[in-house]
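Structure at a glance
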There are 4 protein chains.
Amino acid sequence: MLQEPGDGSTIHCPSLRDELEARPSPFITHNYFGGGFVSDDDRVCLQSIKFATERSAGSKSQNNLAALRPIRISENARADTTLTLPDHAIRSGPRETIYHNPKDTHVAICTVGGICPGLNDVVRSLVHKALDYGVPESNVLGIRFGFRGFYDRDHKPVVLTRRMVEEIHLEGGTILGTSRGLPNVAGIVKRLDLWKIDILFVVGGRGGNAAAESIHRECRSKKVPCCVVAVPKSIDNDLLLIDKTFGFETAVEEAQKAILAAKVEASSAYRGIGLVKLMGRQSGFITASLAAGIVDAVLIPEVQFTLEGEKGLFAYLENIIETKGHCVLCVAEGAGQEMVDCLGEQAMDITGRPILKDVGLWLKRKMKAYFKDCDIKYIEPTTMIRREASIPTTAGDRVYCKMLAHGAVHAAFAGYTGITVGLVNTHYCYLPIPLIIQAPRKVDPTGELWNRLRSSIGQPVFE
Amino acid sequence: MLQEPGDGSTIHCPSLRDELEARPSPFITHNYFGGGFVSDDDRVCLQSIKFATERSAGSKSQNNLAALRPIRISENARADTTLTLPDHAIRSGPRETIYHNPKDTHVAICTVGGICPGLNDVVRSLVHKALDYGVPESNVLGIRFGFRGFYDRDHKPVVLTRRMVEEIHLEGGTILGTSRGLPNVAGIVKRLDLWKIDILFVVGGRGGNAAAESIHRECRSKKVPCCVVAVPKSIDNDLLLIDKTFGFETAVEEAQKAILAAKVEASSAYRGIGLVKLMGRQSGFITASLAAGIVDAVLIPEVQFTLEGEKGLFAYLENIIETKGHCVLCVAEGAGQEMVDCLGEQAMDITGRPILKDVGLWLKRKMKAYFKDCDIKYIEPTTMIRREASIPTTAGDRVYCKMLAHGAVHAAFAGYTGITVGLVNTHYCYLPIPLIIQAPRKVDPTGELWNRLRSSIGQPVFE
Amino acid sequence: MLQEPGDGSTIHCPSLRDELEARPSPFITHNYFGGGFVSDDDRVCLQSIKFATERSAGSKSQNNLAALRPIRISENARADTTLTLPDHAIRSGPRETIYHNPKDTHVAICTVGGICPGLNDVVRSLVHKALDYGVPESNVLGIRFGFRGFYDRDHKPVVLTRRMVEEIHLEGGTILGTSRGLPNVAGIVKRLDLWKIDILFVVGGRGGNAAAESIHRECRSKKVPCCVVAVPKSIDNDLLLIDKTFGFETAVEEAQKAILAAKVEASSAYRGIGLVKLMGRQSGFITASLAAGIVDAVLIPEVQFTLEGEKGLFAYLENIIETKGHCVLCVAEGAGQEMVDCLGEQAMDITGRPILKDVGLWLKRKMKAYFKDCDIKYIEPTTMIRREASIPTTAGDRVYCKMLAHGAVHAAFAGYTGITVGLVNTHYCYLPIPLIIQAPRKVDPTGELWNRLRSSIGQPVFE
Amino acid sequence: MLQEPGDGSTIHCPSLRDELEARPSPFITHNYFGGGFVSDDDRVCLQSIKFATERSAGSKSQNNLAALRPIRISENARADTTLTLPDHAIRSGPRETIYHNPKDTHVAICTVGGICPGLNDVVRSLVHKALDYGVPESNVLGIRFGFRGFYDRDHKPVVLTRRMVEEIHLEGGTILGTSRGLPNVAGIVKRLDLWKIDILFVVGGRGGNAAAESIHRECRSKKVPCCVVAVPKSIDNDLLLIDKTFGFETAVEEAQKAILAAKVEASSAYRGIGLVKLMGRQSGFITASLAAGIVDAVLIPEVQFTLEGEKGLFAYLENIIETKGHCVLCVAEGAGQEMVDCLGEQAMDITGRPILKDVGLWLKRKMKAYFKDCDIKYIEPTTMIRREASIPTTAGDRVYCKMLAHGAVHAAFAGYTGITVGLVNTHYCYLPIPLIIQAPRKVDPTGELWNRLRSSIGQPVFE
């Protein structure tokens, strides 16, 4: 039976401990270097800040958990429960007692959704740590092309040996391949059962975490004893509670280069306008993290804007062009969706996500009509950023990926399931999956990040 | 009077020497460091290779001048002349006798056309060398936004001091600004006369060189004693006779990164196809210079292709996807223009150049229909490459820009006009402008560059 | 009078509020964008982790504040006090009430110690935010070459205008210049008084923070009403309590490249040994943050080692060379100081810091004697890393620098003095200077960072 | 019998055609893509410039072949011959007739001397082109660690398959390993005979080419029918006649970064002096190719200098420090060797090369004594540059490496031996080895390169 969330002070994680046999960690007696173990009772604060009153800056932000309580968590398939969000989370790390016999453990690893810098780092470290526990090399399987590899006969799982993953962190993308699309949860669980997989790692974003949660529930429902542990991935940094997602830093770094290129182009042109569309379906973290001194205005999904009128975007830009001779505007792909005109119903993609209307091209067209004598340069570097191949990850992201992966393996051996791993207030934690995916994390229009950017560039409210 | 081309062995350059007063170079007596002067009679071979017979590889290439003779050069405004192309060109460098009095000389510098890595390096070195000759700082003018700055009252010329240009080579773009569009030649020459400009430097591509030639002719016709010297610029490397244009190397370097990104994306996707559109309106040098080992097929304007059929591109790619699981296709923007369907007449831009039809989007659509179960990733990094802001130029391009600029200043002081500066067989030369712009330089489909690429990647003829 | 530290639950910061006149923030009525103010009563947890027992991994680490209590803080010049370290710190940010009249406020900025990526970002943001408060441009002074500029007649302070600092964040180093050496505190305070400086910002490391503390005390003692606010800087990341110092990430990124270079060299040589000396006088954070997969062994100041003997470093490396054909060893400059033989007393530099003995050359000599047939390649990239000129800072470091600088300006206007600004558990705080400099922060030999590295590379204890 | 050099107009290359059987190229009938063959009678001009008189700038330079004639070439082991240097060289490329039966051909590849960006590119392309000719995969051997692999039993040759070399161009260094030291020529030829090697490729610098020449002669003398073809490698660009060596461009690019770092450091320090030691044992090409605008003075082996006195280096630097506040000095490792004081005789390394005295440390000591109040920052980035791991080669160098390798394979199949491949006046040629190694190529102190640098930075003669 799943453990229920706790007493109002710690958020508990589901586990299979009741069904599995406890045994001592292999690191007790031999090659685990120093440090010892983490206790199930070690705790990490979910919130490290206390606001004096709700007048304090940021107190109403989504990141202020106090503002969120009570919170609705999809506790199970039948009904949503309203929970009081507890104060603490369980700490990530190696446990003294484990619940799988490494020699008999079969592990599967799956990467789903869009590619993101660091995926191969995560895969590599998952394999390394599993082998460190003593899992035989022949028992670690890589599922090909997302969940598709569970049922596509042409793309059988591959055995991931230490040698195979040795240098994969130097390449971009994912050696396993990835794909989008709604998973066939029942089909996947059948394979997990058939292939006797004890531990499934799913590296994915909000969609991938939701799928992991569904697989976990189906496993519970079908009595398949498989621990499902997610590693959260989001180039947009749009997961709740977690300090930052891996790949995000690398993406901001690359986006910065694109903005600089737009600046150069715009300033070399006669009344040049640089228009840059960046990633960010529902949240504008990448866009909002850009350094000032280059962009003149920024549009994100979280903040509405108007184009025309005295206080509109265009009047503002016109003024900048008059002063500086050129301007640079940066727009997140999810911004202004309600304004972009399109015929009829909005289309959905195969995962049920709405297909975004192209705000970049729409803005370009609108600007061409308004700024008749300007030279508009449109750049859409999203693809270049997402793939970032030459320097796959920054050193910081690399260490982060490794720690997440190690934490995930420790969690699975500790018997946890239906959880995800994340950095919270600089410490690594285990969190029940529903907690971080209940809503996309958004830039707080009254918060630090957005106000810092706006005050740096002097951007007013376009209303 | 303009000098006439010579005796069949050396191509002479037009000059204003008959109209100007000769005087000794300032470098004779004081601060010119070593080396001495270049003689008007020093010669550079236009062709350093001799083919045994016309069966030798490359002998029929456009780069084999022997194959070109006789050649048509627009000798003057009245009529085209058929010339025998001579064997030698005049060497670039400082002359012992100069034809402008530096103290009274007024210089104007103008950058036209698209931006390209190295523009600021050229501007900086033009200014430096002019000041070295003894031109007063207040006499060196920068024309704003291409030729527009000659008649736009809002953008008067700026005085370019040593201090102003000190660090501009560390920035991308051009500090002068640039623009496209046909020049008002008569208007420009009126300003040159009014502002008493003795030397005009035009940094531009085929269009910019053609404009410089027209200005030179109008000056001759209106008796305006101004030396017009061009510095050739082309990110596409499409100028005849010249070893390479500046910015080209940097562009290939950047394009390489985009291709690598496409490779990562395609190989991470299920039956992934990376489709990359690169620069190259009429010649595919950038595309053809890409390293093998990444791209699987390449389409350039110089070589026709078919999509369907047994020997077509799609069958070929299908086969690669079957074998490797993914493929990467790279297309120059000017490729396959005759196939891209569009309604009615082809449009022209303001300079009279045909507006290219978008072969990238056309191919993407065609491929979506053909490769139904493939995941097509389309990248168009052109804009990122052209602006290349973070590392403005490679060290090699930087030295090249400086030498071109120095050569241009020496040419102007030597009284030459209507010429351009270029590297020919590793030596810097002066060439009459018409010589290098009579036709766009193209990748030779039977030559070394194209065959090296095709044999490396094993690409057949798509027919 | 200085405020005393509090009630055991919050660490208070000294201020000049009793001596200065309170007034409303200029951001109340006009251009402060959103977000509102931070309250003096907002709190940040100093420790966001709770260990179940002291058997939990990391519980005895220096970073576990519980393990540190009680802690000795140099409360004033007369005596050290033993304090109970409180649970919370004061939050950084703009206050509703300020204590300087911007129009009459004079600000001085000073960078001291070694250079580090991000210094110019900090200077730029200090200037910007001071001007945002309404300080006249002519009132913001940059002190040249560290504290030297307070008394060197040849290097008078410069006025820092918005225009002057506009693009300095794109350059490495510090535009103010820097220097080492013990400050003449009395002399400095005389100038602060003479020049009527109301706010002094000191950007520096442990030494620079200590100097700022001394200046603050001397100001108090001499009744000079100047708020002294430090911005902590350390390429080594060796400051207590603070999540990380700026420049550290950039440094690790660069160190990574050097290690990769050593790996290439060693693996191309016959029995090649790559020996790399990195930064880290007292703490080996940079060295310990290197990614595994490249280095085979790592030596840091915090961990002792032996060279010879069965369990020594050399026997271990010998074994790796036998297996892989080459090896890479990385040593922090402060490692093994007690073993490096030198004659007589250890020398001190002008600031009283011991001059480190060169462990790199010593190891190289020892290894040459031991590994007679090996090809030892020694690299010392420290200088290249420290100066990191081509990409001055990562996007992450850039935002961090800006937030620290803004926090420092808000602190000074809020009347605080003798404090430093830092990121604690992902939130920006104000901390009394003595708190963070009481001891150098060290890599915990039983902690996560060191054990992660050791387990990744399989390094035993060299004893 | 070896062919004798020719009639004064073309330099012939030795070959084994008399001893081998002619057969048609495999590319005639099947998969050679376009282009056709190169004729043995195709010619490339060795000199593409003609000086009017010897007063013309550069006419006395070492690069002016006219100035060199007559030239001494070590024609054979018995005696040196004085030759008239011919006007033309033989063109590189595929021949219609080949002299090895690919199916029975055994190939060995060897990399010797220091590592250099591009080595793996060359190895990869040698393998690819040999396989393209039809050599079986099992017949292509890689010799380990330079010539050592011919006789070291612990490091047997490795078979180089297409798969093995697939991605090696993405790594730095050389996968074969390298070593220095005089080769055991007799021993090597014995192995060539024993292992039935038909073609030996030696990738090396002046020393490696000299060794290849000795091996070729020993083969001739012992009647071992092996074609020895060299691929010239020199990070210093110090080979005669050849436009540039591979790796040189990449090295200049990296050196540029180090200089920039020194500039940042020096300008941040109080009276800072940046002193940078770069590569260049006998020729200062790298140092002399640095962009101006950063360095203030440059010392190369080809040009003498004095430190003290009114016209000395130190007085000059003192003046710059007074004006700018700091300075940057760059010195090639081989500069000023006659001045660096050392006791007794100069030592030789195992190859008989003199071990250079450390001019960098000597200068640093001298400067510390002279510039007492300056802050001297010494950087020695040589090791970082040589290994250049992150971006193994620029796109330009990569294509160059491939063309050299292809040319070498075509040469060997055409029966040539004792030759090297090089780019001359933008065309690829075959040259007898002695021609390019008779003397190190040097920067011409009266030539373009040196004068351009000196005039850019305003450096006088230090006498």
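Residues numbered from 1 in each chain as written. Chains lettered and ligands numbered in written order. Predicted model: local features only at pLDDT ≥ 70, side-chain atom pairs only at ≥ 80, totals over all residues. Heavy atoms only, no water.

Thoughts on the relation of the copies chain A and chain C
The transformation that overlays chain A on chain C combines an axial shift of 0.1 Å with a rotation of 180°, and the residual RMSD is 0.0 Å. Viewed as a symmetry operation, the transformation between the two copies matches a two-fold axis. When C-alpha distances to the rotation axis are compared across chain A, the minimum falls at Asn425(A), with a value of 2.4 Å. Taken as a fraction of all interface residues of chain A, those also at the interface in chain C reach 98%, which identifies the copy contact as same-surface. (Least-squares fit on C-alpha atoms with pLDDT ≥ 70 in both. Contact = heavy atoms within 4.5 Å.)

Observations concerning the confidence of the model for chain A
Residue and element names in this part refer to chain A. When the pLDDT values of chain A are averaged, the result is 84; 86% of them are 70 or greater. Per-residue pLDDT stays below 50 along residues 1-8; that stretch engages in 17 contacts with residues further than four places along the chain or on separate chains. Low confidence marks residues 70-80, where pLDDT is under 50. Its contacts with residues over four positions away, or in another chain, come to 25 contacts. Interface confidence for the predicted complex, given as ipTM, is 0.85, next to a pTM of 0.87. (pLDDT = per-residue confidence, 0-100.)

What about the packing of aromatic side chains?
For the structure on display, the rule yields 40 aromatic pairs over all chains. Of the aromatic side chains, those joined through ring pairs into one cluster are Phe27(A), Tyr133(A) and Phe413(A). A cation over a ring is seen here: Arg148(A) above Tyr270(B), with NZ or CZ 3.5 Å from the ring centre. (Phe/Tyr/Trp six-rings, centres within 6.5 Å; stacked < 30°, edge-to-face > 60°. Lys NZ or Arg CZ within 6 Å of the ring centre and 35° of its normal.)

Structural notes on the relation of the copies chain B and chain A
The transform that puts chain B on chain A rotates by 180° and translates by 0.0 Å along the axis, for an RMSD of 0.1 Å. A shared binding surface is used by both copies, with 100% of the interface residues of chain B retained as interface residues in chain A.

Focus on the interface of chain B and chain A
Contact residues are listed per partner, giving 26 residues for chain B and 26 residues for chain A. The junction of chain B with chain A conceals about 2,400 Å² of combined surface from both sides, 65% of it contributed by carbon and sulfur atoms. There are 0 salt bridges connecting chain B and chain A. Linking chain B with chain A are 8 residue pairs in polar contact (both at pLDDT 80 or more), by the criterion used here. When residues of the side of chain B that touches chain A are traced back to their parent elements, those giving at least two are helix 5 (248-268), strand 16 (375-379) and helix 9 (382-387) of chain B. Take the side of chain B that touches chain A: its biggest share by element is 6 residues, from helix 5 of chain B. Each residue belonging to the side of chain B that touches chain A can be placed in one class, and the counts come to 13 nonpolar, 8 polar and 5 charged. (Buried area = accessible area lost by both parts, 1.4 Å probe. Salt bridge = Lys/Arg side-chain N within 4 Å of Asp/Glu carboxyl O. Polar contact = N/O pair within 3.5 Å; in protein donor to acceptor, adjacent residues only side chain to side chain. Helix = DSSP H or I, 4+ residues; strand = E, 2+ residues; numbered from the N terminus. Nonpolar A, V, L, I, M, F, W, Y, C, P; charged D, E, K, R; others polar.)

Things to note about unusual backbone geometry
Residues and elements named next belong to chain A. Here the phi dihedral of Thr426 falls at roughly 75°; this positive angle occurs in a residue that is not glycine. Counting through the fold element by element, Thr426 comes out in the loop between strand 17 (419-424) and strand 18 (427-432). Using a relative accessible area of 31% as the deciding quantity, one classes Thr426 as partly exposed. (Buried < 20%, exposed > 50% of the residue type's maximum accessible area, 1.4 Å probe, protein only.)

Side note on the domain arrangement of chain A
Residue and element names in this part refer to chain A. According to the domain assignment, chain A contains domain 1 (23-70 + 80-245 + 394-437) and domain 2 (248-389). Three residues stand out in domain 1 for area buried against domain 2, namely Arg180, Ile235 and Asp236, and they jointly supply 33% of the buried area on that side. Where domain 1 touches domain 2, the interface holds 0 salt bridges. Along the contact surface separating domain 1 from domain 2 lie 1 residue pair in polar contact (both at pLDDT 80 or more). When its residues are assigned to classes, the side of domain 1 that touches domain 2 shows 5 nonpolar, 6 polar and 6 charged. (Domains from an automatic or database assignment.)

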